[in-house]
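A structural walkthrough
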Amino acid sequence: MSKILNDGRIQSKGYAMLSKDSRFTPYEFTRHSIGDHDILIKILYAGICHSDIHTARSEWGEAVYPCVPGHEIAGEVVAVGKKVSKFKVGDYAGVGCMVNSCGECETCKISQEQFCQKAVFTYNSVDIYHGNENTYGGYSNNIVVSERFAICVPKDAPMEKVAPLLCAGITTYSPLKFSKVKEGTKVGVAGFGGLGMMAVKYAVKMGAKVSVFARNENKKAEALQMGVSEFYTSTDKNLVKERFDLILSTIPTPYNPVEYMELLKFGGELSIVGLPPYEVAPKISVIDIVYNAGKKVYGSMIGGIAETQEMLDFSLKHKIYPETELIQVHEIDKAYENLTSGKAKFRYVIDMTKEN
Ligand code: NDP
Ligand code: ZN
């Protein structure tokens, strides 16, 4: 049960890293009270995204500690603010990478809230709408979120599978739509983990001919089962004969993006979502850009709320679900180790049902 304190704040129990090289430890904190447009969600499942690792280990700049990561959240609405219209108590809801934004700027107006200058991200973010307090994510028993940022999930949805859709799902669905993937489009997916697997599943469903670029053949069988045509463990141009309309890079480690630009057709696009640690992030020189003229490179960042709802509806309708492995809270450190040592398969999901 989530306890509401006398001042309206919500008592929460989460799992936090206390410094960039600590282990996860139980951490009690409070969340802001339930405003008129907010809902309180009891968290059932929380996916582990590689962004959680980058953030908690301060690989993207110094994190705020204690750091409670988690932005793939699936749960049940247990309280609603006075003016909430989208949800009632007992509904299921999902929360992704954002919990608030200004709602008034150009990007908010077109539901690209992730680009709002005043967006508040789900964890390790300054909540300017609540006294500049730090935000804490989904490795916890509850969350309070503005209803605009909660995604409607039907009551019969498999919640353990819904959680990873809130980041891995939208982050791959969005660029595939942006690049207008359709029947016959040749798509390459670089990095075949949590995001990569969702990119493959969506692109196959959209009718694309899909190839995977990985570091080894460990997950080749799974890729072929998902409908992948070619599985490469090298980007050597002489070995890769095909050329692509779109390559989506989900790689979280240092690599050479130019090798992928060289594999594009004329007019082809390299979409980058993987964001390696800042200190080792690859750079692309103007020389490589000009020598690869006639091709486009763009970054993509999660997706807006309207598109996240569209992605969720699409996934449920077509039963496109992530491959998941359910773990308990004491296994988070081990999951992080596996995700950074090539031992993980696809998506770990933390079972939070016992924490409530
Ligand atoms: P995972 O760890 O689940 O998957 C990454 C995969 O990439 C692993 O299978 C890994 O293989 C593979 N890989 C690593 N290095 C290479 C390489 N050099 N060549 C080919 N494959 C490689 O991570 P996620 O899918 O959760 O996240 C991926 C990245 O996307 C992260 O950097 C994350 O921060 C970022 N991200 C970006 C978002 C955005 O909005 N732009 C949103 C969400 C995530 P192996 O098993 O061998 O290690
Ligand atoms: Zn993520």
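Position numbers for residues start from 1 in each chain and track the written sequence from start to end. Just so you know, chain letters begin at A and ligand numbers begin at 1, following the order they were written in. Only residues with pLDDT of 70 or above have their local features reported here, since the model is predicted, and side-chain atom pairs are shown and tallied only from 80 upward, although totals for entire chains, interfaces and linings are computed over all residues. Here the side-chain values reflect all heavy atoms present in the structure, with hydrogen atoms and water set aside.

**With respect to the overall build of the chain**
The test is simple: Strands are runs of DSSP state E lasting at least two residues, helices are runs of H or I lasting at least four, and both sets are numbered from the N terminus onward. Here the radius of gyration uses the C-alpha set of atoms, whereas the globule reference equals 2.2 Å times the residue count to the power 0.38. Here the term buried applies to any residue with accessible area under 20% of the maximum for its type, exposed to any over 50%, and partly exposed to those in between, with areas from a 1.4 Å probe on protein chains only. Residue contacts are defined here by distance: any two heavy atoms, one from each residue, within 4.5 Å place the two residues in contact. Using a 1.4 Å probe, accessible areas were evaluated by the Shrake-Rupley method; residue-level cover was limited to the displayed protein chains.
Secondary structure assignment for the chain yields nine helices and 20 strands. Against the globule reference of 21 Å for 356 residues, the chain gives a C-alpha radius of gyration of 20 Å, in line with a compact fold. Overall size of the chain, expressed as C-alpha extent along the three principal axes, is 65 × 40 × 40 Å. Classification of the 356 residues of the chain by burial places 56% in the buried group. Once local pairs closer than 6 in sequence are excluded, the contacts in the chain between residues at least 24 apart make up 69%. Within the structure as shown, the chain displays about 15600 Å² of accessible surface, and the carbon and sulfur contribution to it stands at 52%.

**So, the UniProt feature "domain: Enoyl reductase (ER)" (unreviewed entry) in the chain**
Worth spelling out the cut-off: UniProt positions are given in the numbering used here, feature names are shortened, and annotations may be inferred rather than shown by experiment.
Cross-referencing UniProt, the feature "domain: Enoyl reductase (ER)" (unreviewed entry) maps to residues 17-350 in the present numbering. As a span, residues 17-350 carries 24% helix and 27% strand, and end to end its C-alpha atoms are 16 Å apart.

**Considerations on the packing of helix 3 (residues 159-178) against helix 8 (residues 305-317)**
We apply this condition: To get an axis, fit a line to the C-alpha atoms, keeping to the stretch in contact for a helix; angles then go from 0 to 180 degrees between the N-to-C directions. To sort the angles, those under 35 degrees are grouped as roughly parallel, those over 145 as roughly antiparallel, those from 65 to 115 as roughly perpendicular, and the leftovers as oblique.
Taken N-terminus to C-terminus, the directions of helix 3 and helix 8 make an angle of 105°; their axes are 9 Å apart at the nearest point. As judged from the angle between their axes, helix 3 and helix 8 are roughly perpendicular. Residues Val 162, Leu 165, Leu 166, Gly 169, Ile 170, Tyr 173, Ser 174 and Lys 177 of helix 3 lie in contact with helix 8, whose contacting residues are Glu 307, Thr 308, Glu 310, Met 311, Leu 312, Phe 314, Ser 315 and Leu 316.

**Regarding the coordination of the zinc ion (ligand 2)**
Selection criterion: Metal-coordinating donors are taken as N, O and S atoms lying within 2.8 Å of the metal, or within 3.2 Å when the metal is Na, K or Ca; because water is left out, some sites can appear incomplete.
Taken together, Cys 49 (SG), His 71 (NE2) and Cys 167 (SG) make up the full set of protein donors to the zinc ion (ligand 2), lying 2.0 to 2.2 Å away. Counting along the primary sequence, the residues that act as donors to the zinc ion (ligand 2) give the motif C-x21-H-x95-C. One end of the pair, His 71, is in the loop between helix 1 (50-56) and strand 5 (73-80); the other, Cys 167, is in helix 3, and 96 residues separate them in sequence.

**Quick look at the pairing of strand 19 (residues 324-327)**
We apply this condition: Two strands make a pair as long as DSSP finds a minimum of two bridges between them.
Direction of pairing for strand 19 relative to strand 20 (residues 347-351): parallel, over a ladder of four bridges. In the strand pairing of strand 20, Glu 325 is matched with Tyr 348.

**Quick word on the layout of surface pockets**
Which entries qualify depends on this criterion: For cavity detection a 1 Å grid was placed over the protein atoms alone, and a set of points counts as a cavity when a 1.4 Å probe fits there but cannot get out; an open set counts as a pocket when protein lies on both sides within 12 Å along at least five of seven lines, with lining residues being those that have an atom within 4 Å of a point. Grid points are joined across faces, edges and corners, and a volume is the space filled by probe spheres set on the points. Residue polarity is assigned by list, with Asp, Glu, Lys and Arg as charged and Ala, Val, Leu, Ile, Met, Phe, Trp, Tyr, Cys and Pro as nonpolar; anything else, Gly included, falls into the polar class.
Computed from the structure, the second largest pocket encloses a volume of approximately 200 Å³. Lining the second largest pocket are 19 residues, with Arg 31, His 32, Asp 127, Thr 135 and Val 144 sitting closest to its centre. For the lining of the second largest pocket, the secondary structure elements donating two or more residues are strand 3 (24-31), strand 7 (98-100), strand 10 (133-134) and strand 11 (142-146). The biggest single contributor to the lining of the second largest pocket is strand 11, with four residues. For the lining of the second largest pocket, a count of residues per class yields six nonpolar, eight polar and five charged.

**Regarding the side chain of Thr 250**
Basically, it comes down to this: Whenever a nitrogen or oxygen atom comes within 3.5 Å of another N or O atom, the pair is scored as a polar contact, on the condition that within protein one atom can donate a hydrogen and the other can accept it, and that pairs from neighbouring residues in sequence are kept only if both atoms are in side chains.
Tracing the chain through its elements places Thr 250 in the loop between strand 16 (244-249) and helix 6 (257-261). One polar contact links the side chain of Thr 250 to the main-chain carbonyl oxygen of Gly 191, over a distance of 2.8 Å. Contact partners of Thr 250, with chain neighbours within four places excluded, come to Ala 190, Gly 191, Leu 195, Gly 196, Val 273 and Gly 274.

**Some details on helix 9 (residues 332-339)**
Counted residue by residue, helix 9 has six buried out of eight residues, so it is predominantly covered. Buried within helix 9 we find Ile 332, Asp 333, Ala 335, Tyr 336, Asn 338 and Leu 339. For helix 9, the elements touching its buried residues are strand 2 (10-17), strand 3, helix 1, strand 19 and strand 20.

**Notes on empty space enclosed by the protein**
This model, assessed by the stated rule, comprises one cavity of 30 Å³ or more. Together, Gly 96, Cys 97, Met 98, Phe 149, Ile 151, Leu 166, Ile 170, Ile 302, Gly 303, Ile 305 and Thr 308 line the largest cavity. Elements with a minimum of two residues in the lining of the largest cavity: helix 3 and helix 8. Among the residues forming the lining of the largest cavity, the class breakdown is eight nonpolar, three polar and no charged.

**A word on the environment of Leu 246**
With respect to the element layout, Leu 246 can be found in strand 16. For the pair Leu 246 and Gly 94, spaced 152 residues apart in the sequence, the C-alpha separation amounts to 29 Å. Discounting residues that sit within four places of it in the chain, Leu 246 has contacts with Leu 176, Ser 179, Val 181, Lys 186, Val 187, Gly 188, Leu 264, Glu 269 and Ser 271.

**So, the packing of aromatic side chains**
Test applied: Classification of ring pairs rests on two measures: the distance between centres of Phe, Tyr or Trp rings, Trp counted by its six-membered ring, which must be within 6.5 Å, and the angle between planes, read as stacked under 30 degrees, edge-to-face over 60 and tilted in between. A ring has a charge above it when a Lys NZ or an Arg CZ is no more than 6 Å from the ring centre and no more than 35 degrees off the ring normal.
Throughout the structure, instances matching the rule amount to 15 aromatic pairs. With centroids separated by 6.1 Å and ring planes inclined at 50°, the aromatic side chains of Tyr 202 and Phe 314 adopt a geometry described as tilted. Placement of Tyr 202 in helix 4 (residues 194-205) and of Phe 314 in helix 8 is noted, with a sequence separation of 112 residues between them. Each of the two residues, Tyr 202 as well as Phe 314, counts as buried. The side chain of Lys 219 reaches across the aromatic face of Phe 346, ending 4.7 Å from its centre.

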